[in-house]
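Structural features, examined
Here is what each chain is made of, one letter per residue.
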Amino acid sequence: MLSIGFGLGLFIAFNNFNRRGNHDKITQVLGLVKSNYVDSVNEDSIEGVTVNNLLQNLDPHSLYLLPQKAQSINESLEGSFEGIGLEYQLLRDTLVITQVYTGGPAASAGLITGDKVISINQKKFSGTKLTAERVDSALKRDTDATLSLSVLTANKPGIKEINIKRGHVSLSSLDAAYMAAPNVGYIKISKFALTTDADFKAALTKLKTEGLKKLILDIRGNGGGYLTAATSMADEFLKKGKLIVYTKGAHEERRDYFATDSGMFKEGKLAVLIDEYSASASEILAGALQDLDRAVIVGRRSFGKGLVQQQFPFGDGSAVNLTVARYYTPSGRSIQKSYKDGVVSYHSELANRMRKGEFFSAESNLNDSIFKNRSPYHTTAGRKVFSGGGIMPDIFVPADSGQNTMLLQELNDQEIFTAYTIDYLQPLINKYNTAVDFEKQYNVNDDDFEKFILYASKSIKEMDSQELMTSKPVIKIMLKAYAARFKWGDNAYYEVMNSDDNTLKKAIAAIN
C-alpha cells in the first residue's frame, strides 16, 4: 500500500505540475515542497538557497542577497546610514567602544573610544553573556527611541550618563590622506561609493595646500563598488575625450565612458598601488590608467573581476545581484579570470596563486598559462599588457611573508591588538598630544613585544615559534598602528602601517 500510495502521489503531483507548463519550474517546485514535503521547512531559506544555486551556476558574482546583507552593502556604497555611528569590541563580556564616527550621534552625545557600556536604559548590560547579535539588537531595537547609556571612561571616576538617538551617519570611502614624502601625497580608497569622488576632491584639495605635486593612490584591498564611481575617479586624472572603459553584454549594448574636462590632477606624476584583493571597479581604474600610460602601477596582480552587476530588489528587502555586462579597458582587454571550473575553484584561485609562488615572484605570474599563451594587448605608448586574469603591475613588489602567517591571521581574527590597546596602552598613548608626536617618538621594543605575546597567549594557546619570529616585525608595527588608530583614527593607523611599506617605497621612488 505504501509503495502504491507513494507512486500515485508522485503521479498526481507531477501531472498537475506538467499541465501548468515548464516556464516557471522553480516556483512550482517550491510550491510542491511547501505543500507536500515530509517535514516543515523555512520557505525563505529554501527560496534563497534555490535562487543562489541557480545564479552561482551562471557565474561566481551573480548572487542572491538576504535583506540584511543587501541593506549592509547598499549603506556601505551609498556613503551613509541611519544609526549611532560607532564601532565596538566585546572584551570580558563588556561592550567597549573602539571608534566613534565623526559627526555621528555617538560623537555628538560625547562618547569616546575606550568607553565601556555598563547598562542600557537602566538595565544591566555588561556581564550578561553578550554576543554581537545581542549588542546589535539592543542598539537598534527602537529606531526612534532615545537610548540611555551608563558609561565608564578609562582613568576617570564615576559613571557618566549618555542619552543618544539614532541619526544620520556619514561614511567616508577614503581610509587615509596625508603627505608621504616631500611633494608626494598619499590617498587610500577602501571602496568606490557614491561619495568617493567628492571625498577624493576634498582630500586632494587639502593635500595641495600641504605641497602635493605628485600622488600615490592606494587601492590595495579595494574590492570595488559602483562602476560610475570608478569612472569618475579615472576622470580626475585624464584629459578630456580619453576612453576610460566600455561595457557590453548579450542584453546590453556597448556603452563607452569618456573623460570630461573636470579632472583635478591631469598633469602630475601618479602611481597606483594594487594587490590580489584589488577587484572590479579598482581594476577598471588601474586598467584605464595603465592602458593610457597615465600612471605607474605598483604591487601584485589584481583579482581579475571583469563583470558588471546590477542589483534587482524584491519587496521583502532581499535582492539579486545579476551580472549584466563585461567591461573592457581602453586597449580592449577583459581582465575577468576564468570560472569554467566552478565556484569553489574560482574562489580558491588566490590560494593557488600563493602556493605557486606568484605572490613572491613576477616571473611566476608571467609563466602562468592564462598569460603565457595569449597575445598581449598594448598601451598607448606600445607597452605590452595582458588580459584574462587581472591587472599585471608595471613594478612587481613581492608580498611580505610575515603578513601571511596563520598566527598573524589569528591575532587579527580575535581582535587581540585592539584588546591589548584597551587593557594596557591607553595610559601610554594619552601621554602624546598628536598622532605625529606618537609616530615619531614611540617605538615598540622587544620588551613591549614580549608583553604583548604573553597577553596574546591567554587567548591563543599554541603559537608556532617560527611563525612568531617571521611575523615579529609586522606584529610590532601593527601593535603601534592599532594604538594610533584607537586614539587618532584610520589616518594615523595607515601612517604607521606604511612607515615600513616596501610597495609604497617603490612607488615613491618610481614617481621621483
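Quick summary incoming for the structure in this document. (Residues numbered from 1 in each chain as written. Predicted model: local features only at pLDDT ≥ 70, side-chain atom pairs only at ≥ 80, totals over all residues. Heavy atoms only, no water.)

1. Some remarks on the overall build of the protein
- Of the regular secondary structure elements, the protein holds 20 helices and 21 strands.
- Projected onto the principal axes, the alpha-carbon positions of the protein cover approximately 80 × 70 × 50 Å.
- Pairs at least 24 apart in sequence give 67% of the contacts found in the protein among residues at least 6 apart.
- Only carbon and sulfur atoms are counted for the fraction: they give 52% of the accessible area of the protein, which is about 25900 Å².
- Charge centroids of the protein, computed over 60 positive and 59 negative side chains, lie 3 Å from each other. (Helix = DSSP H or I, 4+ residues; strand = E, 2+ residues; numbered from the N terminus. Contact = heavy atoms within 4.5 Å. Areas by Shrake-Rupley, 256 points an atom, 1.4 Å probe, with all protein chains shown as cover. Lys, Arg positive; Asp, Glu negative; His and termini not counted. Charge placed at Lys NZ, Arg CZ, Asp CG, Glu CD.)

2. Focus: the side chain of Asp175
- Here Asp175 shows up in strand β10 (residues 174–181).
- Buried and unpaired, Asp175 has Lys188 as its nearest opposite-charge partner, separated by 4.9 Å.
- In this view, Asp175 contacts Lys188, Ser190, Asp490, Asn491 and Tyr494; residues no more than four positions away in its chain are not counted. (Buried < 20%, exposed > 50% of the residue type's maximum accessible area, 1.4 Å probe, protein only. Salt bridge = Lys/Arg side-chain N within 4 Å of Asp/Glu carboxyl O.)

3. Some remarks on the sheet that holds strand β11 (residues 184–189)
- A sheet is described by the order of its strands in space; here six strands give the open sequence β10-β11-β12-β15-β16-β21, paired in mixed fashion. Of all strands in the sheet, those with a lone pairing partner are β10 and β21 (395–396), marking the two edges.
- Here β11 pairs with strand β12 (residues 214–218) via five bridges, running parallel. Each residue of the ladder has a partner; that of Ile187, found in β12, is Leu217. (Pairing = 2+ DSSP bridges.)

4. Some details on the environment of Val385
- In this fold, Val385 is placed in strand β20 (residues 384–385).
- Contacts of Val385, omitting those with residues within four sequence positions, involve Gln290, Asp291, Ser331, Arg333, Pro376, Tyr377, His378 and Thr379.

5. Some remarks on the nonpolar core
- By size, the foremost hydrophobic cluster in this structure holds 52 residues, and its most contacted members are Ile216, Leu411, Phe417, Phe452 and Ile475.
- In this structure, Leu411 is in contact with Ile416, Phe417, Phe452, Ala456, Ile460 and Ile475, ignoring residues within four places of it in sequence.
- Counting 42 residues, the second-largest nonpolar core is a separate cluster that includes Leu174, Ile187, Ala230 and Leu238. (Core = buried A, V, L, I, M, F, W, Y, C linked by side-chain atoms within 4.5 Å.)

6. Thoughts on helix α4 (residues 67–78)
- Counted at 1.5 Å a residue, the expected span for α4 with its twelve residues is 16 Å, and the 16 Å between its end C-alpha atoms agrees.
- Gly79 occupies a position one or two residues after α4 and carries a positive phi of about 85°. (Expected span 1.5 Å × (residues − 1).)

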